[in-house]
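# Working through the structure, step by step
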Amino acid sequence: MISLEVWGDYAAFNRPEMKTERVTYDVMTPSAARGILDAIFYHPGLRWVVDRITVCSPIRFTNIRRNEVKDVISASKVKTALRRGPGDLCLVTSESIQQRAAMVLKDVRYIIDAHFEMTERAAASDNPGKFQEMMRRRVEKGQFYHAPYLGVREFPAAFAPCSNRPPCPEELRGERDLGWMLLDMDYSDRENIRPIFFRASMKDGVIEVPDPRKEGVAG
């Protein structure tokens, strides 16, 4: 079990149903939380499971405009290049830039409570105690494999062990229905990767995260 405090100036946990403009969820999604844990300590022998997310600061939105690359390299071009040799697999960003409006969060702070499960890819020398200690040391030293971020790479996340839980902000007290929220992606069928959603509810700033393998979630 680990309790990790993360914070940053801005965050954007974009709703997948918004195609043109970027609109964030009200709070961090479980998949974004798992991404932060993987950024700090990834190992094929373990899988992070997010148990709950605690919102520690009032929910505040702001609007910004961001430059984005509108084009992508198609899978068919990649397959052709692999078959026939070098192909046109580059993007000229100066020619593909477009500006998009985005509704993002500002001055965010969360506590991620999570645990890990051992996977079939764990080596004989791997064990839960070893992984727990490795994660503890990495968090205390501020180490990571790639810079953790709050939804998008432009918004870096600072992190530290959670040693003292702050009181719930007054405006977050009570229960709030956050609607359907992205829980995670299902990669069990690589030919048909699908999103998994859950009905998110926040009580006194705390969101309990269901297991994506159990009932109560929707694909």
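Computed from a prediction, not measured in an experiment: that's the story for all the values here.

What follows is about the pairing of strand β5 (residues 97-118). Summarising the sheet, strand β1 (residues 2-11) and β5 pair through nine bridges and their orientation is antiparallel. The residue of β5 that forms the bridge with Ser 3 is Asp 113. Pairing of strand β2 (residues 22-23) with β5, which is carried by two bridges, proceeds in the parallel orientation. Across the sheet, residue Val 23 finds its bridge partner in β5, namely Met 103. Across nine bridges, the pairing between strand β3 (residues 46-55) and β5 is antiparallel. Across the sheet, Trp 48 pairs through a bridge with Phe 116, a residue of β5. As paired elements, strand β4 (residues 61-69) and β5 share nine bridges and run antiparallel to each other. Along β5, the bridge assignment pairs Phe 61 with Leu 105.

What follows concerns the layout of surface pockets. A volume near 850 Å³ is recorded for the largest pocket. In terms of lining, the largest pocket is formed by 32 residues, of which the most central are Arg 34, Arg 47, Asp 184, Met 185 and Tyr 187. Contributions of two or more residues to the lining of the largest pocket are made by α1 (30-40), β3, β7 (175-186), β8 (194-203) and β10 (217-218). In terms of residue count, β3 provides more of the lining of the largest pocket than any other element does, five residues in total. Of the residues that constitute the lining of the largest pocket, the class distribution is 16 nonpolar, five polar and eleven charged. If you add up the space inside the second largest pocket, you get close to 410 Å³. Taken together, 26 residues line the second largest pocket, and the ones lying closest to its centre are Thr 29, Ser 31, Ala 32, Tyr 149 and Gly 151. Elements with a contribution of two residues or more to the lining of the second largest pocket: β2, α1 and β7. Sorting elements by how many residues they give to the lining of the second largest pocket places α1 first, with seven residues. Residue classes in the lining of the second largest pocket are distributed as 14 nonpolar, six polar and six charged.

Conventions and cut-offs
- Residues numbered from 1 in each chain as written.
- Predicted model: local features only at pLDDT ≥ 70, side-chain atom pairs only at ≥ 80, totals over all residues.
- Heavy atoms only, no water.
- Pairing = 2+ DSSP bridges.
- Helix = DSSP H or I, 4+ residues; strand = E, 2+ residues; numbered from the N terminus.
- 1 Å grid on protein atoms, 1.4 Å probe; cavity = no way out; pocket = protein on both sides within 12 Å on 5 of 7 lines; lining within 4 Å.
- Points joined across faces, edges and corners; volume = space filled by probe spheres on them.
- Nonpolar A, V, L, I, M, F, W, Y, C, P; charged D, E, K, R; others polar.

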